[in-house]
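Below, each chain spelled out in residue letters.
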Amino acid sequence: MSAISPTASVCGDFVPQPCVSYTNCTMSGFIHNWTEFCCQPASVQDTRSAMLAVIGMVGITGTVCNIITISSFLYMYCFPQRIRTKFGQEFSMITEDPIFFLILHLSFCDLLYCISGLPTYWVVYYHGYFPYSEAMCKYSAFFRNTLAYADFNTLSLISGCFAWRRGRGRPHNQRYGRWPFLGFILAIWIFSICLSSIVLTEVCGKFGYDAVHGKCHIIECEKCSENSTFTCPPGGVIIMTGVGVPFMIVLVSYGLVYKSLREADLNHETRSQQQSVMILTVCYFIFILPIAIIEWLPEAVSNRAFISVSIYLCYWFVYVVNFFIYVIFWRRIRTVIILMMQDLVEVLGLKTQSRSDEAEDSITWWNSLQKLDQNH
């Protein structure tokens, strides 16, 4: 006689229904010996260990790599004179390009997702339910989705700027000022917050605990709201707007810029920057688009657990992939990371300068002072 699992004996005939937010799967309606076992489908429970390992690995790696990326970008932007004097390197071609701020913002969004978005998945898979209030469940899903939309739209704006620059025949060294691009970043956040607020205010869909997928999520229904005649599910509407529109912008932009990029006589630095972002964009949409598959698969599909782990592994990796692309394909970024690490080691006193190094630094500083005296 086969043993009866605790889940089967406690949950009985309970089957999670779509279009329902289960308060009992949060601490707001916690039921002892029921919430722990009945708030996730069997396929999610079977992959709990794998999901926790994947989330932990991506979260830690993504946090470290994005901190290194952001630090290196800020290092070459804030300390150009120190880099020029100490290492004889010049990065003004990168830092004076306004698109630099968009690339920096992309890494910032990735970092925020790794330190605040991924942990909300981890606690659900670890406990089998959301161990905080229902309101916290809704707002964590809201913030996580907002970060994802800001990430995708930043990438589409970068590709659009490249296409606009190439289409108008603007040289790389022509500057447009940083303020318009900082305004674009502000507009991205306003758009992302407004898009997530559509669900938060229940204009179309609602956030809550989705027991069908076993996480805090957009509650899937056949209509946007109870009084709506629009039959497209809210998740489809939001994904189409937050992911589909940026994807079309990227597709059109790089379709326009690809031919001119191959034929143009660009310097090596400009070409490596644009190729890195193009490769990053391809990776983003390879990892992101399949996420719709698992969201629409019914629970009865065989091997759903394996499909879920595989797709979410690819999706979460998107928040760390930019670091590896920059290091592999963007030589100047690889250089500045090495210089930053060398400088940091010396500043922390982990490496002492030799007398020859000190003498060389003194000569460099003396020559710099002489040039300043001559200019004045």
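To be clear, the structure that these remarks concern was listed above.
So, here is what we can say about the structure in this document. (Residues numbered from 1 in each chain as written. Predicted model: local features only at pLDDT ≥ 70, side-chain atom pairs only at ≥ 80, totals over all residues. Heavy atoms only, no water.)

## Looking at the pairing of strand S1 (residues 207-210)
When a strand is regular, its side chains alternate between the sheet's two faces.
Right, so step 1: Inspection of the sheet shows S1 paired to strand S2 (residues 215-218) by 4 bridges, in the antiparallel sense. By the bridge assignment, Gly-208 is partnered in S2 with His-217.
Right, so step 2: The loop that links S1 with its antiparallel partner S2 comprises 4 residues; one of these, Gly-214, has a positive phi angle of about 70 degrees. (Pairing = 2+ DSSP bridges. Helix = DSSP H or I, 4+ residues; strand = E, 2+ residues; numbered from the N terminus.)

## A few points about unusual backbone geometry
Right, so step 1: Positive phi outside glycine occurs at Asn-33, with the angle close to 65 degrees.
Right, so step 2: Looking at the element boundaries, Asn-33 is found in the loop between helix H1 (6-11) and helix H2 (35-38).
Right, so step 3: Note on Asn-33: relative accessible area 40%, which makes it partly exposed.
Right, so step 4: A positive phi angle, near 65 degrees, is found at Glu-202, a position not held by glycine.
Right, so step 5: Mapped onto the secondary structure, Glu-202 falls in the loop between helix H9 (179-200) and S1.
Right, so step 6: Residue Glu-202 is classed as partly exposed on the basis of its relative accessible area of 41%. (Buried < 20%, exposed > 50% of the residue type's maximum accessible area, 1.4 Å probe, protein only.)

## A word on the environment of Gln-89
Right, so step 1: Relative to the helices and strands, Gln-89 resides in the loop between helix H5 (80-87) and helix H6 (92-95).
Right, so step 2: Residue class for Gln-89 comes out partly exposed when judged on its relative accessible area of 24%.
Right, so step 3: Here Gln-89 is in contact with Ile-83, Arg-84, Arg-332, Thr-335 and Leu-339, once residues within four sequence places are set aside.
Right, so step 4: Within polar-contact distance, the side chain of Gln-89 engages the side chain of Arg-332 at 3.0 Å. (Contact = heavy atoms within 4.5 Å. Polar contact = N/O pair within 3.5 Å; in protein donor to acceptor, adjacent residues only side chain to side chain.)

## What to know about the packing of aromatic side chains
Centre-to-centre distance and the angle between the planes together describe a pair of aromatic rings.
Right, so step 1: The tally for this structure, following the rule as stated, stands at 15 aromatic pairs.
Right, so step 2: For the ring pair Tyr-75 and Phe-79, a centre distance of 6.0 Å and an interplane angle of 45 degrees mean the geometry is tilted.
Right, so step 3: Tyr-75 sits in the buried class, given a relative accessible area of 8%.
Right, so step 4: Judged by relative accessible area, Phe-79 falls into the partly exposed class, the value being 43%.
Right, so step 5: An aromatic cluster is present here, built from Phe-73, Tyr-77, Phe-100 and Phe-101 joined pairwise through their rings.
Right, so step 6: It is Arg-144 that lies over the ring of Tyr-121; its NZ or CZ is 4.3 Å from the centre. (Phe/Tyr/Trp six-rings, centres within 6.5 Å; stacked < 30°, edge-to-face > 60°. Lys NZ or Arg CZ within 6 Å of the ring centre and 35° of its normal.)

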